[in-house]
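Examining the three-dimensional arrangement
If you want the building blocks of each chain, they are given just below.
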Amino acid sequence: MKTLSKSILSIRQNVPLFVSIAALVLYSSCSSSTPGAGAPPPQELPVVAVESKPVTTYSEYTASLEGSRDIEIRPQVDGYLEAIYVDEGAQVHKGQTLFKIDARPFREQLNTAKAMLLSAQASLETASINVSKLTPLVENNVVSDVQLRSAKAAYNAAKANVAQAQAQVESAKINLDYTSVTAPADGYVGSIPFKTGSLVGKVQTEPLTVLSENKAVHAYFTMSEVDFINFKEHYAGNTIEDKIKHLPEVELLLADNNIYPQKGKVELAKGQFDKTNGTISFRATFANNSGLLRSGNTGKIRIPSVTSNSLLVPQEATFELQDKVFVYALTDSNKVVGTPLTVTGTSGHFYLVSKGLKAGDKIVYKGIDRLRDGVQIKPQVLPADSVLKTAAL
């Protein structure tokens, strides 16, 4: 027991020494594990000054294309379809033969009409001879003038029969010509629902085909009520027709996202809104000399609008948070601050901004995913022109 008491007493007397040694070990451990400890250097990030420039923006509207004229090709006589000379989708020219209807019945009708004309002409000649024979006899009081008047009446009737027979010949010629169905204009052939040997006629409901005249193409598009109000407020003029005249030439964005090389002009607007969907229709016309556009194509009409001064912010320098667009703006102390923007539109890869920034403010261009409010950076200022060129690609 005495030995145990002495040991406990010895430990108690050396507690301060143990604490001092432990503190020294801990200090040495911390010092050796963090040699040269200190705050990390600020990260270098590219920044750009926001500029205000004149910008052309575009309002886009979905459009459907139609030829300037879609002509129904219908038979003018009844008969069997003898031949089809074109394929669906073929380009044809005015006067080109498209279909052939069996012409034999109409050729015989023409022959019959010509024979009747010859008969009528012979009757006219006989009546003329009778008038010539009776005229001197009446003048010499050999026969009564009643006979001459009767002969003249027969002559007039024969003359009328000749005219009627001539009309029948011309009608038979027209019907014979109708057996060759030709293109009334240059264009493209639509679907052909009939086959060789089909019985066709004037009273059928379905046309032989539809020919789309495509020298010019109409692009039909609609505006919502809000878009229409903006359109009326933006362009000069007292009437819709006047405002349409002040519209600039429009572009057509094709289905493959390429711009059609020729610009078009808005020509027409319907006078009333569609009650079912609350839209009003417009039509733009594009020249189609190359034949690239076809009826049934789709695309988008792009109406340009020039803004004199707009703040341009590269979309690459922005991020979204709770449906709002932000940038990291640079303060005088090179710290970044998340700043919400009011975006009024887009132009290429830029946002057009009306609030949140002013011309000359600097924003972080790249590396924003590594930032948070209050972080200090080492800015690498980029020329605004080089950013504009790069972001416009």
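Residues numbered from 1 in each chain as written. Predicted model: local features only at pLDDT ≥ 70, side-chain atom pairs only at ≥ 80, totals over all residues. Heavy atoms only, no water.

The subject of this paragraph is the overall build of the chain. The helix and strand inventory of the chain stands at seven helices and 19 strands. Going through the 393 residues of the chain one by one, you find that 34% of them count as buried. Of the roughly 24,100 Å² of accessible surface on the chain, a fraction of 53% belongs to carbon and sulfur atoms. (Helix = DSSP H or I, 4+ residues; strand = E, 2+ residues; numbered from the N terminus. Buried < 20%, exposed > 50% of the residue type's maximum accessible area, 1.4 Å probe, protein only. Areas by Shrake-Rupley, 256 points an atom, 1.4 Å probe, with all protein chains shown as cover.)

Looking now at the pairing of strand S12 (residues 279-287). The buried fraction of S12 amounts to seven of the nine residues, a majority that puts the element mostly inside the structure. As paired elements, strand S9 (residues 209-224) and S12 share nine bridges and run antiparallel to each other. Its bridge partner being in S12, Thr222 is matched across the sheet by Ser281. Across four bridges, the pairing between strand S11 (residues 265-269) and S12 is antiparallel. Residue pairing in the sheet places Lys265 in a bridge with Thr285 of S12. (Pairing = 2+ DSSP bridges.)

The feature "coiled-coil region" (unreviewed entry), as annotated in UniProt, sits at residues 148-175 in this numbering. Helix and strand shares over residues 148-175 are 100% and 0% respectively, and the end C-alpha atoms of the span are 41 Å apart. (UniProt positions renumbered as here; feature names shortened; annotations may be inferred.)

Membership of the largest hydrophobic core comes to 32 residues, with the highest contact counts inside it found for Ile73, Val92, Leu98, Phe99 and Leu211. Every element with two or more residues in this core is listed here: strand S2 (51-73), strand S5 (97-101), helix H3 (104-139) and helix H4 (145-178). Setting aside residues no more than four positions away along its own chain, Ile73 makes contact with Leu98, Phe99, Val181, Pro184, Pro207, Leu208, Thr209 and Leu211. In terms of nonpolar packing, the next biggest core, distinct from the first, is built from 25 residues, Tyr61, Phe221, Leu254 and Ile280 among them. (Core = buried A, V, L, I, M, F, W, Y, C linked by side-chain atoms within 4.5 Å. Contact = heavy atoms within 4.5 Å.)

The next subject is the environment of Lys300. Locating Lys300 in the fold gives a position in strand S13 (residues 298-314). Remark: the alpha-carbon pair of Lys300 and Leu252, spanning 48 residues in sequence, is separated by 5.7 Å. Setting aside residues no more than four positions away along its own chain, Lys300 makes contact with Glu60, Tyr61, Thr62, Ala63, Glu251, Leu252 and Leu253.

As paired strands, S2 and S9 are joined by 10 bridges and run antiparallel to one another. Bridge pairing in S9 places Glu72 opposite Val210. Strand direction decides the pairing type here: strand S7 (residues 187-189) and S9, joined by two bridges, are antiparallel. Bridging across to S9, Tyr188 finds its partner in Ser212.

Spatial strand order, S6-S5-S3-S8: four strands in an open sheet with antiparallel pairing. Bordering the open sheet on either side are strand S6 (180-182) and strand S8 (199-200), each of which pairs with just one other strand. Looking at chain direction, strand S3 (residues 79-84) and S5 are connected through three bridges and run antiparallel. When the sheet's bridge partners are listed, Ala83 is paired in S5 with Lys100.

Bringing the packing of H3 against H4 into the picture now. A pair of packed helices is characterised by two quantities: the angle between their axes and the separation of those axes. Contact geometry of H3 with H4 gives a least axis separation of 7 Å together with a crossing angle of 165°. The orientation of H3 with respect to H4, classified from their angle, is roughly antiparallel. By crossing handedness, the relation of H3 to H4 is classed as left-handed. Tallied by class, the residues present in the contact of H3 with H4 amount to 21 nonpolar, 11 polar and six charged. (Axes fitted to C-alpha atoms, helices over the stretch in contact; angles between N-to-C directions. Parallel < 35°, antiparallel > 145°, perpendicular 65-115°, else oblique. Left-handed = near helix turned anticlockwise from the far one by under 90°. Nonpolar A, V, L, I, M, F, W, Y, C, P; charged D, E, K, R; others polar.)

Glancing now at the pattern of salt bridges. On inspection of all chains with the given rule, the structure shows 15 salt bridges. Note that Glu60 and Lys300 form a salt bridge whose closest N and O atoms lie 4.0 Å from each other. In this pair, Glu60 sits in strand S2 while Lys300 sits in strand S13, placing the two residues 240 residues apart along the sequence. For Lys300, a relative accessible area of 36% gives the class partly exposed. Across the pair Arg283 and Glu267 runs a salt bridge whose closest N-O atoms are separated by 3.1 Å. Of this pair, Arg283 sits in strand S12 while Glu267 sits in strand S11, and the two are 16 residues apart along the sequence. Where salt bridges share partners, they join Glu60, Glu251, Lys263, Lys300 and Arg302 into one cluster. (Salt bridge = Lys/Arg side-chain N within 4 Å of Asp/Glu carboxyl O.)

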